[in-house]
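# Structural description and commentary
Single-letter residue listing:
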Amino acid sequence: LRYLSQWQVNMSAALAPLMDPASPHGVFNPACFLHTGFSAHAPLIANHSYLEAFCEWYFRGTPVKLQDRCGLLCNPTCAHSGS
């Protein structure tokens, strides 16, 4: 658990520059154990899938910034949650 907690701190710090509203980059960072097997429907952050976020960023130039801030492995739409 300590390792995962430190991972969360490190990832949040690493992504902080990208999460800055002035950054042109997009972020989709769900609190999932596995970041494979994403679909167009899950996981979701604020009711948005990675595909919606990517399309918004890539095709419309909108710097979408979606990051779970609920804690460790807390996104109920992740595959590990049983959803």
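You'll find the structure just up there.
By convention here, each chain's residues receive numbers from 1 onward along its written sequence. The model is predicted, so local features are restricted to residues of pLDDT at least 70 and side-chain atom pairs to those at 80 or more, both for listing and for counting; the totals for chains, interfaces and linings are taken over all residues. Only hydrogens and water are removed before side-chain values are computed, so all heavy atoms of the structure are retained for them.

## Topic: the overall build of the protein
The helix and strand tally for the protein stands at 2 helices and 4 strands. Relative to the globule expectation of 12 Å for 83 residues, the C-alpha radius of gyration of the protein, 13 Å, shows essentially globular dimensions. Its C-alpha atoms give the protein principal-axis dimensions of roughly 40 × 25 × 20 Å. Throughout, exposure labels follow a simple rule: accessible area from a 1.4 Å probe, protein chains only, divided by the maximum for the residue type, with under 20% read as buried, over 50% as exposed, and the rest as partly exposed. Going through the 83 residues of the protein one by one, you find that 24% of them count as buried. A separation threshold of at least 6 residues defines the contact pool for the protein, and within that pool the share at least 24 residues apart is 56%. In this tally Asp and Glu are treated as negative and Lys and Arg as positive; neither His nor the chain ends contributes. Here the site of a charge means NZ on Lys, CZ on Arg, CG on Asp, or CD on Glu. A distance of 8 Å separates the average location of the 4 positive side-chain charges in the protein from that of its 4 negative side-chain charges. Helix and strand definitions here come from DSSP, where helices need a minimum of 4 consecutive H or I residues and strands a minimum of 2 consecutive E residues; each element is numbered from the N-terminal end. As a reference, a globule follows 2.2 Å times the number of residues to the power 0.38, and the radius of gyration itself is taken over C-alpha atoms. Throughout, a contact is declared for two residues whenever any of their heavy atoms are within 4.5 Å.

## With respect to the state of the cysteines
We call a pair of cysteine sulfur atoms a disulfide when they lie within 2.5 Å. On inspection of all chains with the given rule, the structure shows 2 disulfides. What pairs with Cys-32 in a disulfide is Cys-78, and their sulfur atoms sit 1.8 Å apart. Across the S-S bond of Cys-32 and Cys-78 the torsion is about -70°, and the bridge reads as left-handed. Of this pair, Cys-32 sits in the loop between strand S1 (27-29) and strand S2 (44-45) while Cys-78 sits in the segment after strand S4 (65-67), and the two are 46 residues apart along the sequence.

## Some thoughts on helix H1 (residues 2-19)
Residues that lie three or four places apart on an α-helix share one face, since the helix turns once every 3.6 residues. For a helix, the expected span equals 1.5 Å multiplied by the residue count minus one. With 18 residues, H1 should reach 26 Å at 1.5 Å per residue; the first-to-last C-alpha distance of 25 Å fits that figure. Here the bend at a residue is taken as the angle between two axes, fitted respectively to the seven residues that end there and the seven that start there. The largest bend in H1 is about 30°, located at Ala-13, with the proline Pro-17 one to four residues further on.

## Details of the side chain of Lys-65
Relative to the helices and strands, Lys-65 is located in strand S4. For Lys-65, which is buried and forms no salt bridge, the nearest opposite charge comes from Asp-20, at a distance of 6.9 Å. Among the polar contacts listed, one links the side chain of Lys-65 to the backbone oxygen of Ser-23, at a separation of 3.1 Å. A polar contact is formed between the side chain of Lys-65 and the backbone oxygen of His-25, at a distance of 2.6 Å. When residues no more than four places from it in sequence are discounted, the contact partners of Lys-65 are Leu-18, Met-19, Asp-20, Pro-21, Ser-23, His-25 and Val-27. One speaks of a salt bridge when a side-chain nitrogen belonging to Lys or Arg is within 4 Å of a carboxyl oxygen belonging to Asp or Glu. Any N or O atom pair separated by 3.5 Å or less is treated as a polar contact, with the protein-specific requirement of one donor-capable and one acceptor-capable atom, and with residues adjacent in sequence counted only for side-chain atom pairs.

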